[in-house]
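Next come the chains, spelled out residue by residue.
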Amino acid sequence: MERKVILAGLDGFSPRIFKYLCSEGKMPFLESLSESGSSGVLRSIVPFETSPAWSSLQTGCRPEKTSIYTFHRYQSDKRQIRLNSFRDIKVPSLWELLSNAGKRVISINMPVTSPPPEVNGIMIPGLLSPQLSRESVHPPEVYDKYIAGNEDYKIVDKRWDGNIDLFAERAKRLINARLSLAKEILSSEDFDLASVQFQMTDVLQHKLWWAIDPEEPGFDKAAFNKIAEIYSACDNALKELFSFAASGDLKLAVSDHGFCAHNKTISINTWLHQNGFLKLLDSEKKSGLISDELKDKHPLLKKMAGIYGEAKKKAVSAGSKPDTRLFCEKHLEHLRKMIDFQQPNIFCLGAMGAYFYVTDASQKCRLAKIRESLLEAYGPESQNPVISKIEIPENESLSEPAMKAELIEGALNAVTPSRDENSAVISSPDNSGLSGGTHSIEGFWAASGVQIKQQNKDAEIIDIAPTILGFLGAEIPGHTDGKFLSDIFSEDIEPKYGRSDSQGKESVDYSDDQQSGVEDQLRDLGYI
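The paragraphs below set out a description of the structure included in this document.

Analysis parameters
Residues numbered from 1 in each chain as written. Predicted model: local features only at pLDDT ≥ 70, side-chain atom pairs only at ≥ 80, totals over all residues. Heavy atoms only, no water. Pairing = 2+ DSSP bridges. Helix = DSSP H or I, 4+ residues; strand = E, 2+ residues; numbered from the N terminus. Expected span 1.5 Å × (residues − 1). Polar contact = N/O pair within 3.5 Å; in protein donor to acceptor, adjacent residues only side chain to side chain. Axes fitted to C-alpha atoms, helices over the stretch in contact; angles between N-to-C directions. Phe/Tyr/Trp six-rings, centres within 6.5 Å; stacked < 30°, edge-to-face > 60°. Buried < 20%, exposed > 50% of the residue type's maximum accessible area, 1.4 Å probe, protein only. Lys NZ or Arg CZ within 6 Å of the ring centre and 35° of its normal.

### Considerations on the sheet that holds strand 10 (residues 264-266)
Spatial ordering of the open sheet is given by 15-10-16, a layout of 3 strands whose pairing is mixed. Pairing within the sheet leaves two strands with one partner each, and these edge strands are strand 15 (411-413) and strand 16 (426-427). As paired elements, strand 10 and strand 16 share 2 bridges and run antiparallel to each other. Looking across to strand 16, one finds that Ile266 is bridged to Ile426.

Put into structure tokens, the structure is as follows:
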């Protein structure tokens, strides 16, 4: 009998929070699964951000080979910042490698799989897909058969209005919609690898970390119990998904990174602007809502804004939870529309790290000075330690990062710069003591099956792809950074290795409206 793999992704799922959930009896299935096989910490890549992390899971390669460092990239030949897409991944993915080996794959909601490759199987993209339609899935008829008319199915539900009960109900509805679609597909389609990713765990941890982590000062048990219903819905979804696996199949639950409290924000682009390295286009300052100038010109808008302000004050006075949005969520002007790309410029992209780009090679000589100044002001030995280290790699292409900065745990880089010359570069989140969350490098994984050893076992996110390939008898490319996890199997499996491979794919030119739509989604999730 042919072996199969079922891979379930829980975005941002933290090993420490998993232990607490288990102690409260909230995830009994995943607790049993992890105890029956190999499980432990799954170390993410640097930067431990959603887009590069899931790209590394799909390929077994670090960002230096995938070329995915953040949600966006700088395209030097067109002098523009644009969203990353699947075609920007420079090495073959699991889906393509298995298809080439004659295997059939199903992928549901995996980030950075848009536009989907034409594989042997089904691809329904996740985060960074501008929309779900016949044109955005593979093959097109999958949309008509499984998605059209399903109002509850979406990539992510980013709505947050301060009501935890309503948020939890929306999240559970989406998780169950994802599960129902997956069950329908797995019941009627053959597969060798089936993957289903759940995004809502990441969303709730960004918004409501104070209600999840019992070590947080604002932790509230009643709020936790309501939020735990979301985790329990995920637990049930994993139970039902893994019921499609036979005893000899491999069941994998993974996360792309972990989570911790968000306690510091740095705006490196604001620093670059204030110090003359980043020139912005002339534009009136935008606040993210309606500008005062616009309100003065249109009395009706001014009246509506006043009504909104009064309603907001009443909601706060009535005891509703304070706004715990991340600092960077409140900026509604994205960097790609602010930079003067025709001038020699230096800017950075990335929320969980800072990846510096130059618009002209002449600017590279300034990087050493920037590095020195940033470390002096914000490095490990400074009074405001936010940056842990800065490296200057040898990259000839202006489309690749010219410099890379890593941040300390709990810190976040706000990509959109302030136009105010006096704006603070470092800030703490204004959350009234109720912490939001941000990413950490330690994610979670568990593997189960009759041939899987029962043990505590740490691994890296780049090990998942080669382990799946080896288990299914497909070749592992020679360029892969990760390793086949041979020591989790009770039987000897000799993986096959192939040649190294990279691929040049035609880039995707999403329309401005498409990019803005995805950026609105990312902004509400706390990434830009």
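### Considering helix 9 (residues 221-242)
When the terminal C-alpha atoms of helix 9 are compared, their 31 Å separation across 22 residues agrees well with the 32 Å that a helix rising 1.5 Å per residue should span. Looking at where helix 9 begins, the residue whose side-chain oxygen comes 3.3 Å from the main-chain nitrogen of Ala222 is Asp220.

### Points about the sheet that holds strand 12 (residues 353-358)
Reading across from one edge, 11-12-14-13 is the order of the 4 strands in this open sheet, with antiparallel pairing throughout. Looking along the sheet, the strands with just one partner apiece sit at the ends: strand 11 (346-349) and strand 13 (387-391). Sheet twist, expressed as the average angle between the axes of neighbouring strands with direction ignored, equals 20°. When strand 12 meets strand 14 (residues 403-407), the two strands line up antiparallel, connected through 4 bridges. Residue pairing for strand 14: Tyr355 is matched across the bridge by Lys404.

### Description of the packing of aromatic side chains
The description of two aromatic rings rests on the distance between their centres and on the angle between their planes. Evaluation of the coordinates by the stated rule reveals 19 aromatic pairs. Summarising the aromatic geometry, the rings of Trp271 and Phe277 are spaced 5.8 Å apart at their centres and angled 15° between planes, so their arrangement reads as stacked. Here Trp271 and Phe277 have matching classes, each one buried. Aromatic ring contacts, followed pair by pair, group Phe13, Phe18, Tyr231 and Phe444 into a single cluster. In this arrangement the basic side chain of Lys4 is found over the ring face of Phe191, its NZ or CZ atom lying 4.6 Å from the centre.

### Details of unusual backbone geometry
Keep in mind that most residues, glycine aside, have a negative phi and that most peptide bonds are trans. In this structure, the amide linkage connecting Val46 to the following residue, Pro47, adopts the cis form with an omega of 5°. Secondary-structure assignment places Pro47 in the loop between strand 2 (38-43) and helix 3 (50-59). In this model, Ser67 sits at a positive phi of 70°, which is unusual for a non-glycine residue. Along the polypeptide, Ser67 turns up in the loop between helix 4 (63-66) and strand 3 (72-75). Residues other than glycine seldom take positive phi values, yet Asn109 does so here, at roughly 75°. Relative to the assigned elements, Asn109 resides in strand 5 (residues 105-110). Overall, Asn109 belongs to the buried group, its relative accessible area being 0%.

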